[in-house]
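Residue-level listing of the chains:
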Amino acid sequence: MRRAALAGAAVAFATAALAACGSSGGGPATAGGTPSGPAASAPAVPGPSGAPGGEPAGEDAREAGPQDAETPDLPKVPADEITPATGTFSKPQKEYLTDRVPQGMDPAAVLQTGQETCDRLRYLVKADRDIAVAAVVTGEVADAEPAVAHLCPRHQDLVDEAALGYPDGTHTGAALRPGRYRAPSPTKDCAWRLTGAKGKELAAGSSDTGRPVSLTVPASATAFTSTGCYAWLPEGATR
């Protein structure tokens, strides 16, 4: 239970800290392309919508925000026309913004969401690395992959590990990777089930302690269902 509480506290701490920073005022982009404060025209970025012990996170739990700039049916600003109101964007920032800025939106607002994603990861890593990876797995830290690739590559190991993990839900077919997995911060309602051909149950379990749990996904598994466990991370990953 301690780890579940830590997870919720860490996510809440990151969100509160970022909100406090965001209230300090705005400023134009510098010559290096890094805004000196959140852009005045940028909408507020919601914090993580769930935490271990709370509502499950996922696509349905995300609130709308600048990250929705990736919606394919919205026309995007051509890369050579993406410029800040003042100063310039650095090359990595420009690469992050390419194909992500809808017509009529301030690119600084889109950039801000990526920078805040990096800030959330930085706060969470300080609290607990496993929680940081799990937050990427569940989508509580949204759009982490492009933000990390262009704005904070020092966190690439978190994204790489998260890509091998599983959030709560049902996972089937090619999405299943045999191996040993651990849920570092399950709730007291954590339960899981592994099934094989024709729905035959291969393994099942539950935990009401809130302490980390582990399981093995065999090569014969065709479906893996998890509820209340938050996120499963691959054991033996580079740490």
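See the structure printed just above.
Residues numbered from 1 in each chain as written. Predicted model: local features only at pLDDT ≥ 70, side-chain atom pairs only at ≥ 80, totals over all residues. Heavy atoms only, no water.

Topic: the pattern of salt bridges
Scanning all chains against the criterion turns up 7 salt bridges. Ionic pairing is found between R129 and E161, a salt bridge with its closest N-O pair at 2.7 Å. You can see R129 sitting in helix α4 (residues 129-138) and its partner E161 sitting in helix α6 (residues 156-162), a full 32 residues away along the chain. Each of R129, D130, D157, E161 and R182 takes part in a single network of salt bridges with overlapping partners. (Salt bridge = Lys/Arg side-chain N within 4 Å of Asp/Glu carboxyl O. Helix = DSSP H or I, 4+ residues; strand = E, 2+ residues; numbered from the N terminus.)

As for the state of the cysteines
Per the stated rule, a full pass over the model turns up 2 disulfides. Covalently, C118 is tied to C152 through a disulfide, its sulfur atoms 2.1 Å apart. The chirality of the disulfide connecting C118 with C152 is left-handed, given an S-S dihedral of about -80°. Of the two residues, C118 is situated in helix α3 (residues 107-127) and C152 in the loop between α5 (144-150) and α6; the sequence distance between them amounts to 34 residues. Take C152: its relative accessible area is 0%, and that puts it in the buried class. In this model, C190 is linked to C229 through a disulfide, with the two sulfur atoms separated by 1.9 Å. Judged by the sign of its S-S torsion, about 90°, the cystine formed by C190 and C229 is right-handed. (Disulfide = S-S within 2.5 Å. Buried < 20%, exposed > 50% of the residue type's maximum accessible area, 1.4 Å probe, protein only.)

Focus on the environment of V125
Relative to the assigned elements, V125 resides in helix α3. Using a relative accessible area of 32% as the deciding quantity, one classes V125 as partly exposed. As a C-alpha pair, V125 and H155 span 30 residues in sequence and 9.1 Å in three-dimensional space. Residue contacts for V125: discarding those within four places in its chain leaves A132, H155 and L158. (Contact = heavy atoms within 4.5 Å.)

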